Amino acid sequence: MAFLECNDLIKLYTDEQSKIQVPALRGVELTANEGDLVSIIGPSGSGKSTLINLIGGIDKPSSGEIILDGNIITTLKGRELTKYRRNRIGFLYQLPERNLIWNLSALKNVIVPMRLSGKWSHNIQKKRAAELLKDVGLDQRKNHKPHQLSGGEAQRAGIAVALANDPDIILADEPTGELDSVTTFKIIDYFKQLNKTLGKTFIVVTHDHRFANMTTKAMRIMDGRIIGLHRAIDPRKSFLDREEVLFVDDHGNLRIPINIRNEAGIKNHVQIEMRDGFATIIPVRGDELDE
Ligand SMILES: Nc1ncnc2c1ncn2[C@@H]1O[C@H](COP(=O)(O)OP(=O)(O)OP(=O)(O)O)[C@@H](O)[C@H]1O
Ligand SMILES: [Mg+2]
């Protein structure tokens, strides 16, 4: 059994006005091993935040199951659920103001989650917070308040906060969305470094395709489904030369990416023919069907 398993996750939201149910996730299947650095890449509205919130125990799926380290977490309630969120999950969001308390220093920000969990003694809290800030290169900035930090530094302080209670998984929702390119690459480097040194599992959801070549596992999400993954062409150079592999579900459904559809002129109908041992997809124009 994988460290994290999401089995056929479906999430329906009810539109307040029309009372119609809107699917945000339509059967997500996902697995991650301990120590994986996973990116899930998809456009706005594809279900990224919904998925992260389900794994983090912030919301419940309409159906399906999430299993972390052998424990079913989708049925947790009350105190058990709070304990799960505090001790086993670290969150990192796009906006620093969601990760940090504005009038507290970086050091105190890292101490807050430790106070809440009661997992560490008073002395250890401070020592641990200082060490974590050192791990993210903020040794010299630990007494600064968030507004005295740059965007990248504030995000690094957020990583230290997420790591405070030594969680099993760090869940990051568009963590570099506010940052420029150089700072984005630096943050990804910190993820990679912490992933290696602490062996932590990271799950990052983002619209930024550059994560595909910089994470150990990269998936594509679209319309509430994981539609494919980027795999290394040469496993020895696993971070480079990725190629996209599409999923075909148990019913034979396949999602053809928009760029391929455009280039091949595929609209609503295709034929699939076997040619020389390959399945060939041939576009069929709608007007041909009317004849
Ligand atoms: N509370 C809600 N009530 C109703 N619909 C919702 C709610 N939250 C999300 N949705 C819908 O579910 C779908 C997935 O939303 P989600 O926020 O997970 O997407 P996302 O990939 O995180 O998008 P973004 O990149 O813009 O953050 C969208 O169509 C969205 O409108
Ligand atoms: Mg989102």
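Not measured: the values here are computed from a predicted model.

### A short note on the site of ligand 1
Surveying the vicinity of ligand 1 reveals the residues Y13, V22, A24, G42, S44, G45, S46, G47, K48, S49, T50 and H207. For the shell around ligand 1, a count of residues per class yields 3 nonpolar, 8 polar and 1 charged.

### Some words on the domain arrangement of the chain
One can read the domain layout of the chain as domain 1 (4-265) and domain 2 (266-291). Using C-alpha coordinates to define each centre, domain 1 is positioned 39 Å away from domain 2.

### Comments concerning the pairing of strand β8 (residues 201-206)
Counting buried residues in β8 gives 6 out of 6 residues, a clear majority hidden from the surface. Here β8 shows two buried faces, one formed by T201, I203 and V205 and the other by F202, V204 and T206. Pairing geometry for strand β3 (residues 37-41) and β8, over 5 bridges, is parallel. By the bridge assignment for β8, S39 is matched with V204. Considered for its hand, the β-α-β crossover made up of strand β7 (residues 169-173), helix α7 (residues 181-197) and β8 is right-handed.

### Side note on the nonpolar core
Residues V110, L133, A160, L171 and I203 are the most contacted members of the largest nonpolar core, which totals 60 residues. For this core, the element with the highest residue contribution is helix α6 (residues 151-163), accounting for 7 residues. Sequence-distant contacts of L171, defined by excluding residues within four places in its chain, comprise I52, I55, G56, I89, F91 and I203.

### Observations concerning helix α4 (residues 106-117)
Within α4, the full set of buried residues consists of A106, L107, N109, V110, I111, P113 and M114. Contact partners of the buried residues in α4: α2 (78-87), α5 (122-135) and α6. Trailing α4 by a residue or two, G118 shows a phi angle of about 65 degrees, which is positive.

### Quick look at the sheet that holds strand β4 (residues 63-68)
What the 4 strands build is an open sheet, ordered β2-β1-β4-β5; its pairing is antiparallel. Strands at the two margins of the open sheet, each flanked by one partner only, are β2 (21-32) and β5 (71-72). Of the pairings in the sheet, the one linking strand β1 (residues 4-14) to β4 comprises 5 bridges and is antiparallel in character. Bridging from a neighbouring strand, L4 pairs with L68 of β4.

### Here's the deal with the packing of α6 against α7
Look at α6 against α7: their axes get within 10 Å of each other, and the N-to-C directions meet at 20 degrees. Classed by the angle they form, the pair α6 and α7 counts as roughly parallel. Crossing hand, α6 versus α7: right-handed. Taking contact as the criterion, the partners of G151, G152, Q155, R156 and I159 in α6 are, on α7, T183, K186, I187 and Y190. Among the residues forming the contact of α6 with α7, the class breakdown is 3 nonpolar, 4 polar and 2 charged.

### Quick word on α6
Between the first and last C-alpha of α6 there are 19 Å, a value that for 13 residues agrees with the 18 Å anticipated at 1.5 Å per step. Burial analysis of α6 places 12 of its 13 residues in the buried class, the great majority of the element. Along α6, the positions that sit buried rather than exposed are G152, E153, A154, Q155, R156, A157, G158, I159, A160, V161, A162 and L163. At its buried positions, α6 is contacted by β6 (89-92), α3 (96-99), α4, α5, β7 and α7.

### So, unusual backbone geometry
Of note, the phi angle at D8 is positive, near 50 degrees, even though the residue is not glycine. Looking at the secondary structure, you find D8 in strand β1. In this structure D8 comes out as partly exposed when scored by C-beta crowding, with 13 C-beta atoms within 10 Å. The backbone of D223 shows a phi angle near 45 degrees, a positive value even though the residue is not glycine. Along the chain, D223 turns up in the loop between β9 (217-222) and β10 (225-232).

### What to know about the pairing of β7
The buried fraction of β7 amounts to 5 of the 5 residues, a majority that puts the element mostly inside the structure. Across 4 bridges, β6 lies against β7 in parallel orientation. Residue pairing for β7: F91 is matched across the bridge by L171. In terms of strand pairing, β7 meets β8 through 5 bridges, oriented parallel. Bridge pairing in β8 places I170 opposite F202.

Reading the values: rules and limits
- Residues numbered from 1 in each chain as written.
- Chains lettered and ligands numbered in written order.
- Predicted model: local features only at pLDDT ≥ 70, side-chain atom pairs only at ≥ 80, totals over all residues.
- Near = placed C-beta within 6 Å.
- Nonpolar A, V, L, I, M, F, W, Y, C, P; charged D, E, K, R; others polar.
- Domains from an automatic or database assignment.
- Buried ≥ 20, exposed ≤ 12 C-beta atoms within 10 Å, placed from the backbone.
- Helix = DSSP H or I, 4+ residues; strand = E, 2+ residues; numbered from the N terminus.
- Pairing = 2+ DSSP bridges.
- Right-handed = clockwise from strand over helix to strand, strands pointing away.
- Core = buried A, V, L, I, M, F, W, Y, C linked by C-beta atoms within 7 Å.
- Contact = placed C-beta atoms within 7 Å.
- Axes fitted to C-alpha atoms, helices over the stretch in contact; angles between N-to-C directions.
- Parallel < 35°, antiparallel > 145°, perpendicular 65-115°, else oblique.
- Left-handed = near helix turned anticlockwise from the far one by under 90°.
- Expected span 1.5 Å × (residues − 1).

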